[in-house]
Amino acid sequence: MQKIAQAALKYRWRVIAVWLLVLIAGGALATFTTGRLTVDFSLPGQPGDTASHAVISTFGTAGQNSSPLIVSVTLPGGQRVGDHAAELKSAFGSLSAVRMYDQPVQVFDAYNTVDSADRTAFGTADERTALAYVFYPITRTPTPATPAATVGAAITPLLPVGATLGMTGTDALAASQGSGIGLGVILELLIAGGGALLVLAFVFGSRLAVLPMIIASVSIPGALLLLLPLTYLSDYSFIVQYLISLVGLGIGIDYSLLVVTRWREERGRGLDNDAAIVTALRTAGTAVVHSGITVAIGLLSLVILPVPFLRSIGIAGALIPLVTVLATITLTPAILSVAGPWLDNRGLHRPAGVRWARWTAFVVRRRWISAATALMVLGLLMVPFAHANIGFSSADSLAQNGPAYETYAALQHSGVPAGTLSPIEILARTDRAPAVAAALTGIDGLTHVVVADAGDVHLNRPLSGDGPPVTMLLAIPREQTVNQRTVAVVEQVQDRAAAVDGVIGVTGVGTAQTDFQHAVYDNFPLVLLVLSLLTYLLLVRAFRSLLLPLKAVVMNLLSLAAAIGAMVLFWQDGVGSELIYGISATHAVAVWIPPMVFAFLFGLSMDYEVFLLARIQEEYRRSGSTDQAVIAGLSRVGRLVTSAALILFLSFAALSTGPGTDQKVMAVGLGLGILLDATVIRSLLLPATVSLMGRWNWYLPRALERLLMLRPAPEDL
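Residues numbered from 1 in each chain as written. Predicted model: local features only at pLDDT ≥ 70, side-chain atom pairs only at ≥ 80, totals over all residues. Heavy atoms only, no water.

1. Examining the overall build of the protein
Assigned secondary structure in the protein consists of 25 helices and 14 strands. Rg of the C-alpha trace for the protein: 29 Å, near the compact-globule value of 27 Å for 717 residues, within the 12% margin. Seen through its C-alpha atoms, the protein measures out along the principal axes to roughly 95 × 50 × 45 Å. Residues counted as buried form 58% of the 717 residues belonging to the protein. In the protein, of all internal contacts separated by at least 6 residues, the share reaching a separation of at least 24 is 82%. (Helix = DSSP H or I, 4+ residues; strand = E, 2+ residues; numbered from the N terminus. Rg over C-alpha atoms; globule rule 2.2 N^0.38 Å. Buried < 20%, exposed > 50% of the residue type's maximum accessible area, 1.4 Å probe, protein only. Contact = heavy atoms within 4.5 Å.)

2. As for the packing of aromatic side chains
Tallied over the full model, the rule gives 15 aromatic pairs. Their ring planes at 90° and their centres at 5.5 Å tell us that phenylalanine 122 and tyrosine 133 sit as a pair that is edge-to-face. Placement of the pair is phenylalanine 122 in the loop between β5 (113-115) and β6 (129-135) and tyrosine 133 in strand β6, with a sequence separation of 11 residues. The same class applies to phenylalanine 122 and to tyrosine 133, which are both buried. A connected cluster of aromatic rings, assembled from ring pairs, spans Phe41, Phe238, Phe309, Phe516 and Tyr521. A cation over a ring is seen here: arginine 36 above tyrosine 232, with NZ or CZ 3.8 Å from the ring centre. (Phe/Tyr/Trp six-rings, centres within 6.5 Å; stacked < 30°, edge-to-face > 60°. Lys NZ or Arg CZ within 6 Å of the ring centre and 35° of its normal.)

3. Looking at a nonpolar patch on the surface
Together, Leu547, Leu550, Val554, Trp696 and Tyr699 make up an exposed nonpolar region whose accessible area comes to about 490 Å². Inspection of the secondary structure assignment puts tyrosine 699 in the loop between α24 (661-693) and α25 (702-707). What makes tyrosine 699 partly exposed here is its relative accessible area of 41%. (Patch = residues over 30% accessible without salt bridge, like charges linked within 9 Å, V, L, I, M, F, W, Y side chains within 5 Å. Areas by Shrake-Rupley, 256 points an atom, 1.4 Å probe, with all protein chains shown as cover. Salt bridge = Lys/Arg side-chain N within 4 Å of Asp/Glu carboxyl O.)

4. A few points about the sheet that holds strand β1 (residues 69-74)
Spatial strand order, β4-β6-β1-β7: 4 strands in an open sheet with antiparallel pairing. Two strands bound the open sheet, and with one partner strand each, they are β4 (106-109) and β7 (164-168). Adjacent strand axes in the sheet meet at a mean angle of 20°, parallel and antiparallel pairs treated alike. With 4 bridges connecting them, β4 and β6 associate as antiparallel partners. The residue bridging phenylalanine 108 from the neighbouring strand is tyrosine 133, located in β6. Against the sheet, helix α4 (residues 85-93) makes contact with β1, β4 and β6, and its axis sits at roughly 20° relative to β6, the strand it touches most. (Pairing = 2+ DSSP bridges. Axes fitted to C-alpha atoms, helices over the stretch in contact; angles between N-to-C directions.)

5. What about the layout of surface pockets?
Estimated volume of the largest pocket: approximately 1300 Å³. As for the largest pocket, its lining consists of 49 residues, and the residues nearest its centre are Val39, Phe41, Asn65, Asp171 and Asp662. Listing elements by their share of the lining of the largest pocket, those giving two or more residues are α3 (47-59), α6 (170-175), α9 (239-268), α18 (509-521) and α24. Among the residues forming the lining of the largest pocket, the class breakdown is 24 nonpolar, 20 polar and 5 charged. (1 Å grid on protein atoms, 1.4 Å probe; cavity = no way out; pocket = protein on both sides within 12 Å on 5 of 7 lines; lining within 4 Å. Points joined across faces, edges and corners; volume = space filled by probe spheres on them. Nonpolar A, V, L, I, M, F, W, Y, C, P; charged D, E, K, R; others polar.)

6. Describing empty space enclosed by the protein
All told, the structure shown has 1 cavity of 30 Å³ or more when counted by the stated rule. Empty space within the largest cavity amounts to approximately 30 Å³. In terms of lining, the largest cavity is formed by Tyr408, Leu411, Gln412, Val416, Pro417, Thr420 and Leu421. Considered class by class, the residues forming the lining of the largest cavity number 5 nonpolar, 2 polar and no charged.

7. Considering unusual backbone geometry
Of note in this structure, tyrosine 101 is not a glycine but carries a positive phi near 50°. Along the polypeptide, tyrosine 101 turns up in the loop between β2 (99-100) and β3 (103-104). At aspartate 102, a residue that is not glycine, the phi angle is positive and equals roughly 65°. Position of aspartate 102 among the secondary structure elements: in the loop between β2 and β3. Under the relative-accessibility criterion, aspartate 102 is labelled exposed at 60%.

8. Comments concerning helix α19 (residues 524-543)
Over its 20 residues, α19 extends 28 Å from the first C-alpha to the last, a length consistent with the 28 Å expected when each residue adds 1.5 Å. If you follow the buried residues of α19, they end up packed against α10 (273-300), α18, α20 (547-572) and α22 (593-623). Backbone geometry just downstream of α19 places arginine 544 in the positive-phi region, at approximately 50°. (Expected span 1.5 Å × (residues − 1).)

9. A word on the pairing of β1
With 5 of 6 residues buried, β1 lies mostly within the body of the structure. Relative to β7, β1 is paired through 5 bridges, and the arrangement is antiparallel. Looking at β7, one finds that isoleucine 70 is bridged to threonine 168.

10. Considering the pattern of salt bridges
Close approach of charged atoms lets side chains of opposite charge pair. The full count for this structure, using the stated rule, is 18 salt bridges. Here aspartate 344 ties to arginine 264 by a salt bridge, and the two come within 2.6 Å at their closest N and O atoms. Of this pair, aspartate 344 sits in the loop between α11 (308-343) and α12 (354-365) while arginine 264 sits in helix α9, and the two are 80 residues apart along the sequence. Pair check on accessibility: aspartate 344 and arginine 264 agree, each one buried. The partner of aspartate 501 in a salt bridge is arginine 429, and the shortest N-O contact between them spans 3.9 Å. Of this pair, aspartate 501 sits in the loop between α17 (488-498) and β13 (503-507) while arginine 429 sits in strand β9 (residues 424-429), and the two are 72 residues apart along the sequence.

11. A word on the confidence of the model for the protein
Mean pLDDT over the protein stands at 86; residues scoring 70 or higher make up 95%. A low-confidence stretch, residues 178-183 stays under pLDDT 50, and its non-local contacts, those more than four residues away or across chains, total 10 contacts. (pLDDT = per-residue confidence, 0-100.)

12. As for α24
At isoleucine 681, α24 shows its largest kink, close to 40°. By the criterion of burial, α24 is predominantly enclosed, with 27 of the 33 residues buried. (Bend = angle between axes of the 7 residues up to and from the residue.)

13. Notes on the environment of valine 338
Position of valine 338 relative to the elements: it lies in helix α11. It is 26 Å that separates the C-alpha atoms of valine 338 and leucine 225, two residues lying 113 residues apart in sequence. With residues up to four places along the chain from it excluded, the contact list for valine 338 reads Arg12, Trp13 and Ile16.

14. Quick notes on the packing of α12 against α24
Helix-helix packing is characterised by the crossing angle of the two axes and by the distance between the axes. For the pair α12 and α24, the least separation of the axes is 9 Å and the interaxial angle reads 55°. In terms of their interaxial angle, α12 and α24 are classed as oblique. In this structure, the crossing between α12 and α24 has a hand that is right-handed. Facing Trp356, Trp359, Thr360, Val363 and Val364 of α12, the residues of α24 in contact are Ser683, Leu684, Pro687, Ala688 and Ser691. (Parallel < 35°, antiparallel > 145°, perpendicular 65-115°, else oblique. Left-handed = near helix turned anticlockwise from the far one by under 90°.)

15. Remarks on the environment of threonine 261
Its place among the elements puts threonine 261 in helix α9. Distance from threonine 261 to leucine 640, taken between C-alpha atoms, is 8.0 Å for residues 379 residues apart in sequence. Excluding residues within four positions of it along the chain, threonine 261 makes contact with Phe204 and Leu640. A polar contact is formed between the side chain of threonine 261 and the backbone oxygen of leucine 257, at a distance of 2.6 Å. (Polar contact = N/O pair within 3.5 Å; in protein donor to acceptor, adjacent residues only side chain to side chain.)

16. Some thoughts on the side chain of aspartate 344
Among the residues examined, aspartate 344 registers a relative accessible area of 4% and is labelled buried. Of the polar contacts made by the side chain of aspartate 344, one reaches the side chain of arginine 264; its length is 2.6 Å. In this view, aspartate 344 contacts Ser206, Leu208, Trp263, Arg264 and Arg267; residues no more than four positions away in its chain are not counted.

As structure tokens, then:
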């Protein structure tokens, strides 16, 4: 690290020029890069996904990652659907001409289907409202999109006089939250950046506050620049743009903050500018490298999962800590060499954290009570984690007002089952469709099984263009199949359908959840094992200890379980979600969010562990006393960790303003996790447990030193 620092000082202007080019090129190509990101949640090899692709290739619509637009026509009081059968048949028939993404939609209604039980699948019990299910292509944008406008324009002129048109569905409800675009990445960055600048101004009290912002500002376009060629090799999820931007802002500031704070400390001890830079990089810079590698490992662990969009997030997300580390250890010393003293015009002789020293001394004296208190808090937050309901957000949480919500509420009031929004789709040969419907009828949890009229050319097509004629049956569940507690009916349909000749596959929103469960959660123990082992080995090398890395990994896992528990409490149980975001309890957490939160928090929270332990280890080498090292280490770095956590929290708070409930859930989970980690874990549990373990913190057998190819420990140890 010392050689890197000396090289950055020697070629300071070249280093600055290179990063300026990265900033210009990355910024200029940022829009082009994000435009190449995709919206794809496929799960290759899973049965529901395979059936979904068969449906899409045959009909161009529906599939596992979509749900229908429910079109309702309500007649004036005193009139019945049967009185206007001809008009309604013509009106619904006109929808077959509607197109989205240049694909015709599929329409299921009472006039082109046969219900194996009765025809109430397409109407309300009072016979005043007629329904149609409109299936459309999967949305190609990050925000929900439906053909509602086109559908409304096509059907309105043909409605009976006095009839009221309504449209709802999960996408329609989600889109009705607002404009559907949130604040946008740029505005989110500005909000988070403004908050971060205020925090940095408080920390430094000088112009030096702008330096960490500069590092973050070049790291983000640098990561996007590296991402661009990767998008030509594979598809990368649209989620990447939010994570690179906002996580890049957070850790870009964090890493530079650590180095700059150490540089200022060394200058306060009397070192000249360049010597202070070299010392800061040799100490804090090494911690930054270890931290960046840990964050990258946490994200790359997603590659183990057989889910393309999670793998893409892992690979692309790992770019940001690596680019940020490179910028921190090269650009930071270059700028400090050129303008450091000028930037730090006021804060040179600021004393170490007296309050942090007092707090840590209190924790060390009450180490058993402190550790027990922290574990009790974690335990309480892990209770909601134990009853986490993995799935998708319920319709009730997607919107609280708007036309789609009013239509949904009216249908619910009329007795239409909530499962209407998530029908189970069964792809089968046309000639076998009646037999399939008969086999499925009577399954507990289903209200109807609908079969398309064999003569309808829109609902019966050759399989994949040249195979036997196939059609899509709809099994309407009583409840929305959006979480672990409501997908049992989906599994029953899959089991029953598998035993019937002519069934190609079963798909729909419910199968997406069961597929994700098998693809991700069944493989997650392996992810956990690999990630924990790699992190442990990395930290053993970094801290020359057997117990410290083990403690770090265990505490991280406890912190993550508590963070996800807090997220479950906030969103699934609705304790705070309606008050802050105006969104009622989701009753479930989206299946893809816990793995994402886990991967990011595992790496990000390890930042603080590495920052603190690196400084504690350095102080221990000076004093030989673990307790004194803990107090001195936190007095130097505690304020930094708190500030860094606040900056990351602001980044995730900005991310929570983005479109869609799921993005808000993920952002809140990450934000709560960071705050929990910086307070309960790093400010309470870490100093207490390090103090409890005493000299055992620094134990590493000589044989293991040789196996890990470590240099001999410093003599003063």
